[in-house]
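As a plain string of letters, each chain reads:
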Amino acid sequence: MSHSHGPDGAAGGLHTTNNTSQPQPQGIAQPPPPVVLTPALLESLKVSKIFKDNTQAITSIHFDDSGSKCVTSATDESLHVYDCYTGKLEKTLFSKKYGVNLARFTHRSTSVVYASTKEDDTLRYLSLHDNKYIRYFRGHEKRVTSLEMSPLDDQFLAGSQDTVRLWDLRSPNCQGALSVMGQPVVAFDPSGLVFAVALGGTLRLYDVKSFDQGPFVTAMIGDSLGIPHTSIYATQIEFSSDGKSLLVTTGSDAHYIVDAYTPSVTMFKLVGHNTNTFGNEPFTSGSEACWTPDGKCVVSGSRDGDIYVWDISKAIADQAAGLVNGSAGNASNSTNGSTGSLLQSNGELRPFKTLKAHGTPSHIVAFNPKYLMMVSGSTELAFWEPDPNAAVVDALHDFSKGGRY
């Protein structure tokens, strides 16, 4: 198996997982072993390449299932496809007539589905191979602001003002709809059998097969921490990879971690990232923060352009052991690692690391689901990989099949 070159030019062997148990012919390089994603490894992440292909703010970032491709959309009505193996721009497409947002790979790296931003509110299923539309999904009467593919099959959810609709790539017909009050954000759990809808500070969980019967759980985000749910406005929600926790992202000075098994329990309020005004540049993208693929840490962009990292697994362990600080006033101001607890008794959790990034607000961040690589965006796009001088790993190692620290 040949070695590809990572974005920083260093050779980085990509781990093929479907034939690693078979004998490898002599003279052919072995795929690298899986890598355990530790806090120390996250701390070593640095920008390996910056792309300046957009003239306006990037509004969405998404990886294909294999982790080999990354697609972005932007307010300049462009779609850019990047090769994560080579660290190069592979293709640029424009949707000048309809606009483009929330570009999501289907379960094939050759097609995406995305939301229109003008002309109408139709969802468009596009072949990246020949730049032709495969299908249109009509039914939303207002702009779609949340869009997620099912991890299980070709179904996907789309949320627009007062409506959530379930679609299937194989049919132009809506598979079902929910009437809601407000601007919903949606997410599938890792099994694809349950989906969540957040409306402001209210969270609802549905069974995919019987969602027309209503939610089986309704909870108020923040209430268990004494935070009025009416003060919370969710811009995105995302389940952790083990399905046990739910990240509620906002465009304000806090994100939240909710117990997905007991949604009435808001576990942590993530604070410490910079949300001070940075000129007149907009900040909210709906993807300001995300989980790392092992579901143990959360990373977030900020107005100062830096990336902040919270260790959720350590906070859970500290909480269980009673290792919390008495008040927010006793919190350590250090975000460059700490041997003590960064968790306060009121549920506030501070980041353990700040990664220096953009000179402009980092509106959006995403972690490769398969390889040790992070991407962040403002008007420019940054690829992140471990510092080879600080971590004994090759770029783009596959850690998705490995153990967990």
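The residue count restarts for each chain, going from 1 along the sequence in the order it is written. Note on the predicted model: pLDDT of at least 70 is required for a residue's local features to be given, and 80 or more for side-chain atom pairs to be given and counted; whole-chain, interface and lining totals, by contrast, use all residues. Each side-chain value is worked out from all heavy atoms of the structure, with water and hydrogens disregarded.

Under an unreviewed UniProt entry, the name given to the chain is Member of Set1p complex, histone methyl transferase, and the organism recorded is Linnemannia hyalina. UniProt positions are given in the numbering used here, feature names are shortened, and annotations may be inferred rather than shown by experiment. In the Sequence similarities (unreviewed entry) part of its UniProt record, the chain is described as follows: "Belongs to the WD repeat SWD2 family." According to UniProt, the comment filed for the chain under the heading Subcellular location (unreviewed entry) is "Nucleus".

Trainee: Hey, could you run me through the overall build of the chain in this one?
Mentor: What the chain contains, in helices and strands, is 2 helices and 31 strands. Exposure categories follow from relative accessible area, calculated using a 1.4 Å probe and restricted to protein chains: below 20% of the type maximum is buried, above 50% is exposed, and the middle band is partly exposed. Looking at the chain as a whole, 55% of its 405 residues are labelled buried. The contact criterion used is simple: two residues touch if any of their non-hydrogen atoms lie within 4.5 Å. Taking the intrachain contacts of the chain between residues at least 6 apart in sequence as the baseline, contacts between residues at least 24 apart amount to 51%. Runs of H or I in DSSP of at least four residues are treated as helices and runs of E of at least two as strands, each being numbered from the N terminus.

Trainee: Would you mind showing me how to read the layout of surface pockets here?
Mentor: It is the rolling of a water-molecule-sized probe over the atoms that shows where space remains empty. The rule is simple: put a 1 Å grid over the protein atoms alone, call a set of points where a 1.4 Å probe fits but cannot get out a cavity, call an open set with protein on both sides within 12 Å along at least five of seven lines a pocket, and count a residue as lining if it has an atom within 4 Å of a point. Grid points are joined across faces, edges and corners, and a volume is the space filled by probe spheres set on the points. Quantified by volume, the largest pocket comes out at close to 1,200 Å³. At the level of secondary structure, the elements contributing two or more residues to the lining of the largest pocket comprise β4 (58-63), β8 (101-105), β12 (144-149), β16 (184-188), β20 (236-239), β24 (289-291) and β29 (364-367). When residues are grouped by polarity, Ala, Val, Leu, Ile, Met, Phe, Trp, Tyr, Cys and Pro land in nonpolar, Asp, Glu, Lys and Arg in charged, and all others, Gly among them, in polar. Here the residues of the lining of the largest pocket sort into 20 nonpolar, 11 polar and 9 charged.

Trainee: Is there a simple way to explain the environment of A315 in this structure?
Mentor: Along the polypeptide, A315 turns up in helix α2 (residues 312-321). Under the relative-accessibility criterion, A315 is labelled buried at 2%. Remark: the alpha-carbon pair of A315 and F268, spanning 47 residues in sequence, is separated by 8.5 Å. Not counting chain neighbours up to four residues away, the residues in contact with A315 comprise F268, L343 and L349.

Trainee: Whenever I open this one, the sheet that holds strand β31 (residues 381-386) confuses me. Can you help?
Mentor: Across a sheet, strands are paired by hydrogen bonds formed along the backbone, either parallel or antiparallel in direction. Two strands qualify as a pair provided that DSSP identifies no fewer than 2 bridges between them. One open sheet holds the 4 strands; their spatial order is β3-β31-β30-β29, and the pairing between them is antiparallel. Here the strands that pair on one side only, and so sit at the sheet edges, are β3 (45-51) and β29. Across this sheet, the average inter-strand angle for adjacent strands is 25 degrees, counted without regard to direction. Every axis corresponds to a line fitted to the C-alpha atoms, with the helix fit spanning only the stretch in contact, and the corresponding angles, defined between N-to-C directions, vary from 0 to 180 degrees.

Trainee: Would you explain the nonpolar core in this entry?
Mentor: If you look at soluble globular proteins, the nonpolar side chains tend to sit buried side by side. Among the nonpolar cores identified, the biggest contains 33 residues, and I257, F268, L270, V298, I312, L349 and M374 are the most heavily contacted of them. Those elements that provide at least two residues to this core are α1 (39-43), β23 (266-270), β24, β25 (297-300), β26 (307-311), α2, β29 and β31. Top element by residues in this core is β26. It accounts for 4 residues. The residues contacting V298, other than those within four sequence positions of it, are L247, I257, L270, A289, C290, W291, Y308, V309, W310 and I312. Buried residues of nine kinds, namely Ala, Val, Leu, Ile, Met, Phe, Trp, Tyr and Cys, make up a nonpolar core once their side-chain atoms join them within 4.5 Å.

Trainee: Explain the packing of aromatic side chains to me, please; I cannot follow it from the model alone.
Mentor: Given two aromatic rings, their pairing is described by the distance between the two centres and the angle made by the two planes. By convention, a stacked pair of Phe, Tyr or Trp rings (six-membered ring in the case of Trp) has centres within 6.5 Å and planes under 30 degrees apart, an edge-to-face pair has planes over 60 apart, and any other such pair is tilted. Under the definition given, this model contains 13 aromatic pairs. Summarising the aromatic geometry, the rings of F51 and Y82 are spaced 4.7 Å apart at their centres and angled 55 degrees between planes, so their arrangement reads as tilted. On the criterion of sequence distance, the pair formed by F51 in strand β3 and Y82 in strand β6 (residues 78-83) is long-range, its members being 31 residues apart. Taking the relative accessible area as the measure of exposure, F51 reaches 7% and is therefore buried. Classification of Y82 as buried rests on a relative accessible area of 0%. Following the ring pairs from residue to residue traces out a cluster consisting of Y98, Y114, Y133 and Y136. Our definition puts a charge over a ring when NZ of Lys or CZ of Arg is within 6 Å of the ring centre and also within 35 degrees of the ring normal. Geometry around Y98 places R124 over its ring, the cationic atom sitting 3.4 Å from the centre.

Trainee: How should the sheet that holds strand β22 (residues 255-259) be read in this particular structure?
Mentor: Pairing in this open sheet of 5 strands is mixed, and the strands run β20-β21-β22-β23-β27 from one edge to the other. The sheet terminates laterally at β20 and β27 (348-349), the two strands that pair on one side only. Packed onto the sheet, α2 meets β22, β23 and β27 and runs at close to 125 degrees relative to β23.

Trainee: Would you mind going over the environment of D162 with me for this structure?
Mentor: With respect to the element layout, D162 can be found in the loop between β13 (155-160) and β14 (163-168). Judged by its relative accessible area of 28%, D162 is partly exposed. Residues D162 and L199 lie 37 residues apart in sequence; the distance between their C-alpha atoms is 9.6 Å. In this view, D162 contacts K142, L178, S179, V180, M181, G182 and P184; residues no more than four positions away in its chain are not counted.

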